[in-house]
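# Structure assessment
Listed below, chain by chain, are the residues.
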Amino acid sequence: MLGKLKEKLGSFVERVSQTEISEKDVENALWDLEIELLEADVALETVEELKERIKEKLVGQKVKIGTNKKAIVENAVREAVLEVLTPEKRIDLIELIRSKGEKPFVIAFVGFNGSGKTTTIAKLAHWLKKNGLGVVIAASDTFRAGAIEQVEEHAKRVGVKVIKHSYGADPAAVAYDAIQHAKARNIDVVLIDTAGRNELNRNLMDEMKKIARVTNPDLVIFVGDSLAGNSVVEQAKQFNEAVKIDGVILTKLDADARGGAALSISHAIGAPILFVGVGQGYDDLRPFDEKWFVERIFG
Ligand code: GDP
């Protein structure tokens, strides 16, 4: 996992460590680092941000003879990555759900088809149940053939009820019904599975906006496939313009050798990564911890 990003950042550390930490050396090494990070699918603006932070930490540092320069440089890169990954606002999901005065707490999931959205909703339902919370799922993807059966199948396996209408029905009406169902039965959380499509067109945007208007979700979570690299960051930006994204779940991190999407997405849209998908099983959902991610790159 994340082998490529580790290799790129590692080779940068090697190069700077063999020279004095002067502005020119750092500039030269940063030039190479920029190309390497872009190859690892890190978004351009995140690369710029990382470079600035590394430069600030290193240039002008007085290094005594005998000091372990490699350790100093590695530390600067590590700190810069950690800073870029650290969200401005952290979300403790269980705390947030419990602190809402009334039930249910409503979470809408958005993302493209194939990103792992349905599996992720089932994983999160399973995780919430393990944390003692009652969950119901709204099958609001009434557009894609098979979507309702798919979410029902997952929900059955994790023991959660699904509220559904027929295909072609108004997705916002399904979500509304699920909320009424939860209210009547004192269920803690409603998870809304929205339609994905393959591109963010006008229809999909209007649908998202309508669901948001009707259900007034407490959280909007963008589900993105980390294997899509830079384009998942672009998708997140587009969804963020249509409906404000509060948090991100990145799927398939177990298969991601580059790590660029994980490193860029939070910085690009200003919303934290809440969880990462690390496999196909229902337990393969990990609360995201930037220190854990940094350890995976450098450890
Ligand atoms: P949707 O179209 O966005 O609802 O996508 P699905 O939930 O159907 O997932 C698409 C595929 O990705 C399925 O084969 C899932 O098992 C797989 N998948 C989802 N999350 C992960 C993950 O974290 N790791 C791996 N390896 N596969 C995943």
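Residues numbered from 1 in each chain as written. Predicted model: local features only at pLDDT ≥ 70, side-chain atom pairs only at ≥ 80, totals over all residues. Heavy atoms only, no water.

Residues in close proximity to the ligand total 18 residues, the closest being Gly114, Lys117, Thr118, Thr119 and Gln150. Here Thr119 contributes a side-chain N or O atom positioned 2.5 Å from an oxygen atom of the ligand. Backbone polar atom of Val278 to an oxygen atom of the ligand: 3.5 Å apart, as the coordinates give it. Within the complex, 80% of the 590 Å² of free accessible area of the ligand lies under protein. At four residues, the largest contribution of residues to the shell around the ligand is made by helix H6 (residues 117–130). Residue composition of the shell around the ligand, grouped by class: two nonpolar, 11 polar and five charged. (Near = heavy atom within 4 Å. Polar contact = N/O pair within 3.5 Å; in protein donor to acceptor, adjacent residues only side chain to side chain. Areas by Shrake-Rupley, 256 points an atom, 1.4 Å probe, with all protein chains shown as cover. Helix = DSSP H or I, 4+ residues; strand = E, 2+ residues; numbered from the N terminus. Nonpolar A, V, L, I, M, F, W, Y, C, P; charged D, E, K, R; others polar.)

Time to look at the domain arrangement of the protein chain. Domain parsing of the protein chain yields domain 1 (3–85) and domain 2 (93–287). Each of domain 1 and domain 2 has a C-alpha centre, and these two points are 36 Å apart. In this assembly, 15 residues from domain 1 lie in contact with 15 residues from domain 2. A combined buried area of about 1300 Å² lies between domain 1 and domain 2, and 55% of that area is made up of carbon and sulfur atoms. It is Asp41, Glu45 and Leu85 in domain 1 that bury the most area against domain 2; as a group they hold 39% of the surface buried on that side. For the pair domain 1 and domain 2, the interface holds two salt bridges. Where the side of domain 1 that touches domain 2 is concerned, the elements lending two or more residues are helix H1 (3–17), helix H3 (44–58) and helix H4 (69–85). The leading source of residues in the side of domain 1 that touches domain 2 is H3, at four residues. (Domains from an automatic or database assignment. Contact = heavy atoms within 4.5 Å. Buried area = accessible area lost by both parts, 1.4 Å probe. Salt bridge = Lys/Arg side-chain N within 4 Å of Asp/Glu carboxyl O.)

This brings us to the pattern of salt bridges. A full pass over the atoms with the stated rule returns 23 salt bridges. One salt bridge connects Lys8 with Glu39, and the closest N-O pair in it is separated by 3.2 Å. In this pair, Lys8 is assigned in helix H1 and Glu39 in helix H2 (residues 23–39), connecting sequence segments 31 residues apart. Since its relative accessible area comes to 42%, Glu39 is described here as partly exposed. Here Lys51 and Glu48 are joined by a salt bridge, their closest N and O atoms 3.8 Å apart. Note that Lys51 and Glu48 are positioned in helix H3 at a spacing of three residues, about one turn of the helix. The network of salt bridges with shared partners includes Glu49, Arg53, Lys57, Glu79 and Glu83. (Buried < 20%, exposed > 50% of the residue type's maximum accessible area, 1.4 Å probe, protein only.)

Bringing the environment of Lys252 into the picture now. Take Lys252: it is sitting in the loop between strand E6 (247–251) and helix H11 (260–269). The exposure class of Lys252 is partly exposed, given its relative accessible area of 28%. Along the chain, Lys252 and Val278 lie 26 residues apart, while their C-alpha atoms are 5.6 Å from each other. The contact partners of Lys252, leaving out residues within four places of it in the chain, are Gly114, Ser115, Asp225, Ser226, Leu227 and Gly277. Among the polar contacts listed, one links the side chain of Lys252 to the backbone oxygen of Gly114, at a separation of 3.0 Å.

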